[in-house]
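What the coordinates show
Next come the chains, spelled out residue by residue.
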Number of protein chains: 2
Amino acid sequence: MARSQRQRELYAAAADLFRTKGYHGTSLQDLAEALGMQRGSLYAHMEKKEELLHRITLEAAQAFLSALEPLWETPASPAERLEKAFLAHARVVADHLSAASVFFHEWQHLQGEARDEILSLRRRYEALWRRLVKEAFPHADEGLAVRWILGGLNWMYQWYRPEGPMSPEELAHRFYRFAIQGIGGIDNGG
Amino acid sequence: MARSQRQRELYAAAADLFRTKGYHGTSLQDLAEALGMQRGSLYAHMEKKEELLHRITLEAAQAFLSALEPLWETPASPAERLEKAFLAHARVVADHLSAASVFFHEWQHLQGEARDEILSLRRRYEALWRRLVKEAFPHADEGLAVRWILGGLNWMYQWYRPEGPMSPEELAHRFYRFAIQGIGGIDNGG
């Protein structure tokens with residue numbers, strides 16, 4: 001088995017474990033068992049546990065950024081672009097539920113340069129959202145609006161299940177209408 | 001020092017540590033150091049670490065429930081009651097930032113009956129919110145609306161700082177307007 005595939009399996013298993021047991025609650029033994037490997041064999045694929053946390057949060061940050069950055073490359077009204085951002089964000093959360101959860105919460109256990117890097121990517125992502133909101137609603141307090149929107153969307157990591165009744169796209173579309181029209185908006189009925 | 005005061009200090013220190021280091025990342029040694037005690041002396045005040053997690057999440061759940069339950073005891077329109085609920089929830093998050101963070105995230109490390117109890121209190125709390133939303137917006141999908149609202153409000157645990165420019169009441173008032181009018185609502189400007 002090629003090393004790169006083994007590493008992808010390692011990152012996926014680590015993301016699942018960090019999500020359910022917490023970063024500090026996950027031992028190298030847990031990881032080895034999840035992968036059906038000897039604990040000693042893990043070191044062929046990683047140096048230490050913090051490296052896994054760094055790679056998982058980095059890939060999640062890049063998934064979120066890559067979903068948003070192309071939105072300015074095609075013609076769209078600011079409102080359409082904002083709705084596309086809701087869809088893109090919800091899709092990343094749904095497709096990378098464990099990594100997104102680690103990115104939202106466990107990242108705080110990173111230290112030093114790795115922590116600075118993730119913080120910087122989080123700020124870059126939030127800046128894209130502020131731009132989206134400012135373009136669609138020039139008079140809104142875009143900083144506060146982005147905290148409101150990302151709170152509502154990110155919280156999906158706590159309750160979203162792939163087997164649930166609504167697709168990520170439908171959820172994002174409903175949340176977009178809540179965000180721009182309010183929960184009593186004319187088309188928001190069940 | 002009376003045992004009850006020592007226990008309150010213990011719960012507060014444990015909530016702070018669980019929030020910053022995670023439940024599994026917090027050792028009894030960390031707790032003893034935070035309290036300036038010998039590790040062995042901790043056992044006069046607790047049996048095991050999971051008991052601390054249980055007590056902290058239980059007290060947080062009760063703080064949220066006690067803030068909402070009285071809202072039906074005084075006359076108010078459904079919209080006024082909903083706005084009061086935003087204020088009450090934001091005040092609990094702001095006043096119990098560490099415990100709220102543990103209640104939102106670290107609770108998942110509880111097991112058995114303690115976990116069932118917290119899950120049941122979370123469901124009771126969410127049912128109160130669904131009632132608030134249904135009374136104010138009879139045609140809204142109140143389940144989805146509550147996920148949206150509680151996501152936006154709960155996310156405060158990630159960014160709210162007591163020294164920030166807005167009080168919890170002002171934040172809650174702005175978020176209430178976002179929730180009912182949308183972020184482009186006429187009075188939502190910065």
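For the structure itself, consult the block above.
What comes next concerns the included structure.

Structural notes on the packing of helix H7 (residues 142-154) of chain A against helix H9 (residues 168-181) of chain B
- Relative orientation of the contacting elements H7 of chain A and H9 of chain B amounts to 70 degrees, with a least axis distance of 11 Å. Regarding the angle of H7 of chain A to H9 of chain B, the classification is roughly perpendicular. As for the relative orientation of H7 of chain A and H9 of chain B, their crossing is right-handed in sense. Of the residues in H9 of chain B, those in contact with Leu-144, Ala-145 and Trp-148 of chain A of H7 of chain A are Leu-171, Arg-174, Phe-175, Phe-178 and Ala-179 of chain B.
- In terms of residue class, the contact of H7 of chain A with H9 of chain B is built from seven nonpolar, no polar and one charged.

Quick look at the nonpolar core
- Counting residues in each nonpolar core, the largest one holds 146 residues, and the members touching the most others are Phe-86, Trp-129 and Trp-148 of chain A together with Leu-82, Phe-86, Trp-129 and Trp-148 of chain B.
- The element best represented in this core is helix H3 (residues 49-68) of chain B, accounting for ten residues.
- When sequence neighbours within four positions are dropped, the list of residues in contact with Trp-129 of chain A reads Leu-68, Leu-82, Ala-85, Phe-86, His-89, Val-146, Ile-149, Leu-150 and Leu-153 of chain A.

A word on the environment of Ala-99 of chain A
Residue and element names in this part refer to chain A.
- Within the fold, Ala-99 resides in helix H5 (residues 97-104).
- When the C-alpha atoms of Ala-99 and Arg-19 are compared, they prove to be 7.7 Å apart, with 80 residues separating the residues in sequence.
- Once you skip the residues sitting within four places of it in the chain, Ala-99 turns out to touch Ala-15, Ile-56 and Ala-60.

A closer look at H5 of chain A
- Most of H5 of chain A sits out of view: eight of its eight residues are buried.
- For H5 of chain A, the complete set of buried residues consists of Leu-97, Ser-98, Ala-99, Ala-100, Ser-101, Val-102, Phe-103 and Phe-104 of chain A.

Examining the packing of aromatic side chains
Residues and elements named next belong to chain B.
- Within this structure, the stated rule accounts for 30 aromatic pairs over all chains.
- An angle of 80 degrees between the planes, with centres 5.2 Å apart, marks the rings of Phe-18 and Tyr-23 as edge-to-face.
- Assessed through its relative accessible area of 0%, Phe-18 is described here as buried.
- Stacked on the ring of Phe-103, the Lys or Arg Arg-122 has its end atom at 5.4 Å from the ring centre.

Some words on helix H2 (residues 28-35) of chain A
- All of the buried residues along H2 of chain A are Leu-28, Asp-30, Leu-31, Ala-32 and Leu-35 of chain A.
- A positive backbone phi angle near 65 degrees is found at Gly-36 of chain A, which sits one or two residues after H2 of chain A.

So, the packing of H3 of chain B against helix H6 (residues 112-136) of chain B
Residues and elements named next belong to chain B.
- The geometry of H3 relative to H6 is characterised by a closest axis approach of 10 Å and an angle of 20 degrees between their N-to-C directions. Accordingly, the angle class assigned to the pair H3 and H6 is roughly parallel. Where H3 crosses over H6, the two elements pack in a sense that is left-handed. From H3, His-54, Thr-57, Leu-58, Ala-61, Phe-64, Leu-65 and Leu-68 reach across to H6, where they touch Ala-114, Glu-117, Ile-118, Leu-121, Arg-124, Tyr-125, Leu-128, Trp-129 and Leu-132.

Reading the values: rules and limits
Residue positions are given per chain, counted from 1 along the sequence in the order it is written. Note on labels: chains are lettered from A, ligands numbered from 1, in written order. Only residues with pLDDT of at least 70 get local features here, since the model is predicted, and only at 80 or more are side-chain atom pairs given and counted; chain-wide, interface and lining totals rely on the full set of residues. Water and hydrogen atoms play no part in the side-chain values, which are based on all heavy atoms of the structure. Axes here mean lines fitted to C-alpha atoms, for a helix over just the part in contact, with angles spanning 0 to 180 degrees between N-to-C directions. Counting from the N terminus, the helices are DSSP H or I runs at least four residues long and the strands are E runs at least two residues long. We call two directions roughly parallel when the angle between them is under 35 degrees, roughly antiparallel when it is over 145, roughly perpendicular when it lies between 65 and 115, and oblique otherwise. Left-handed is the label given to a crossing in which the near helix is rotated counterclockwise from the far helix by less than a right angle, and right-handed is the label when the rotation is clockwise. Residue contacts are defined here by distance: any two heavy atoms, one from each residue, within 4.5 Å place the two residues in contact. Note on residue classes: Ala, Val, Leu, Ile, Met, Phe, Trp, Tyr, Cys and Pro are nonpolar, Asp, Glu, Lys and Arg are charged, and everything else, Gly too, is polar. Put simply, a nonpolar core is a bunch of buried Ala, Val, Leu, Ile, Met, Phe, Trp, Tyr and Cys residues held in one set by side-chain atoms that sit within 4.5 Å of each other. Accessibility here uses a 1.4 Å probe with only protein chains present; expressed as a share of the type maximum, an area under 20% marks a residue as buried, one over 50% as exposed, and anything in between as partly exposed. Centres within 6.5 Å are what make two rings of Phe, Tyr or Trp a pair, Trp counting through its six-membered ring; a difference in plane orientation under 30 degrees is then read as stacked, over 60 as edge-to-face, and the rest as tilted. Cation placement over rings: the criterion is NZ of Lys or CZ of Arg within 6 Å of the ring centroid and within 35° of the ring normal.

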